[in-house]
Amino acid sequence: MFAAERRQLILEMVRANGAVSLRELARVVQTSEVTVRRDVRALEAEGLLDRRHGGAVLPGGFTRESGFPQKSHLATAEKTAIADLAASLVEEGEAVVVGAGTTTQELARRLARIPGLTVVTNSLLVAQALAHANRVEVVMTGGTLRGSNYALVGSGAEQSLQGLRVSRAFLSGSGLTAERGLSTSNMLSASVDRALVQAAAEVVVLADHTKLGTDTMFQTVPTDVITRLVTDDPPAHDDRAATELQALADQGVQITVAGAAGSGSGGDTAPPGRRPRRDTALPGQRRTHGGGGPGPQALRSAGALAEQPGERARVADLRRR
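Trainee: Mind laying out the sheet that holds strand 11 (residues 181-184), listing which residues take part and the relevant values?
Mentor: Strands in a sheet are paired, the pairing made by backbone hydrogen bonds, and the direction either parallel or antiparallel. Taken in spatial order, the three strands of this open sheet run 10-11-13, and their pairing is antiparallel. On the outer flanks of this sheet lie strand 10 (175-177) and strand 13 (218-221), each paired with one strand and no other. On average, adjacent strands in this sheet sit at an angle of 40 degrees to one another, irrespective of strand direction. Bridging between strand 10 and strand 11 involves three bridges; their strand directions are antiparallel. When the bridges of strand 11 are listed, L176 appears paired with L182. Across the sheet, helix 9 (residues 187-198) touches strand 11 and strand 13, and the angle it forms with strand 13 is around 20 degrees.

Given below as structure tokens:
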């Protein structure tokens, strides 16, 4: 492939997806990351895209949301590893909420194997992945269908989450920074994600390394509300992702890296090449907002908690915002 052809393809990928990692660009154009980096620099000089550490984004600083078909083919191996590790955090009998996204869809496929779960979601794809699971109850929000990501949004979705209390929320998004937390490019999606967060005692963000350091228009989860980040091990040359991981860790977010060296399938760890975290919780420890509170077993059923005032009073509000 000639340089002009490579650069045209790179430009088309960035325009279609908003942000693309160098690793993914190199895979698609079938060349080295060194060559792709040189192409990205040339395109940036022409004002056609903006270069970021480890990738390229649309010009202007804020990436836009890509559709499901594009996102489903990006960082597939990383999403699989993240979903495997996130599923290991869930215990039998828990009630959880799962937001919309390709990574959360992968998580749902693994949750189908955990008996006794109640899963509340606004995602048709998550519900579909759990539709035939034995002993897993699926509760869908109301709302208006947003076709680009197969999610229910709007006031109907938000109102259906009022009075709900579950052990934890699993959310994804378009970008994650230590400064603003999790963000997305769509206002309606951001509003529903905030309602999902309000229903949960803990918030687990699922984000591959390409989203680290990326900022988008609408904040969904501030950094101080994120309990844990489950991510993949960024490439050695990706200083932006490593720096962002350290900044998140410094703000108290538990970092769990899929495939981290010396941790089996994954573990709580410091970013590669950085000083170890001194405040990292051991596997099994979970931070809750607002101090002590009941563990996952005390938060069994989303429906039961919403319908039984006595039980809600016993559990109490673990997040004070």
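On we go.
Trainee: Please set out helix 5 (residues 76-87) residue by residue, giving values where relevant.
Mentor: With 12 residues, helix 5 extends 16 Å from end C-alpha to end C-alpha; this agrees with the ideal 16 Å at 1.5 Å per step. Of the residues making up helix 5, those classed as buried are E78, K79, I82, A83, L85, A86 and A87.

Trainee: Outline the nonpolar core, listing residues and values.
Mentor: Ranked by size, the top nonpolar core spans 34 residues in total, and within it L176, V205, V221, L229, L248 and I255 carry the most contacts. Sorting the residues of this core by element identifies strand 4 (95-98), strand 9 (166-171), helix 9, strand 12 (200-206), helix 10 (239-250) and strand 15 (254-258) as the ones contributing at least two each. Dropping the residues within four chain positions of it, L248 is found in contact with L176, T177, A178, L212, T223, L229, V253 and I255. In this structure, L85, L111, L130 and V136 belong to the second largest nonpolar core, which totals 24 residues.

Trainee: So what's going on with the confidence of the model for the protein chain? Residues and values would help.
Mentor: Taken residue by residue, the protein chain gives an average pLDDT of 78. The fraction at 70 or more is 74%. This model gives residues 66-73 a pLDDT under 50, and the stretch forms 18 contacts once residues within four places in sequence are excluded. Considering only residues more than four positions removed or in separate chains, one finds that residues 261-265, a stretch of pLDDT under 50, has five contacts.

What counts and how
Residues numbered from 1 in each chain as written. Predicted model: local features only at pLDDT ≥ 70, side-chain atom pairs only at ≥ 80, totals over all residues. Heavy atoms only, no water. Pairing = 2+ DSSP bridges. Helix = DSSP H or I, 4+ residues; strand = E, 2+ residues; numbered from the N terminus. Axes fitted to C-alpha atoms, helices over the stretch in contact; angles between N-to-C directions. Contact = heavy atoms within 4.5 Å. Expected span 1.5 Å × (residues − 1). Buried < 20%, exposed > 50% of the residue type's maximum accessible area, 1.4 Å probe, protein only. Core = buried A, V, L, I, M, F, W, Y, C linked by side-chain atoms within 4.5 Å. pLDDT = per-residue confidence, 0-100.

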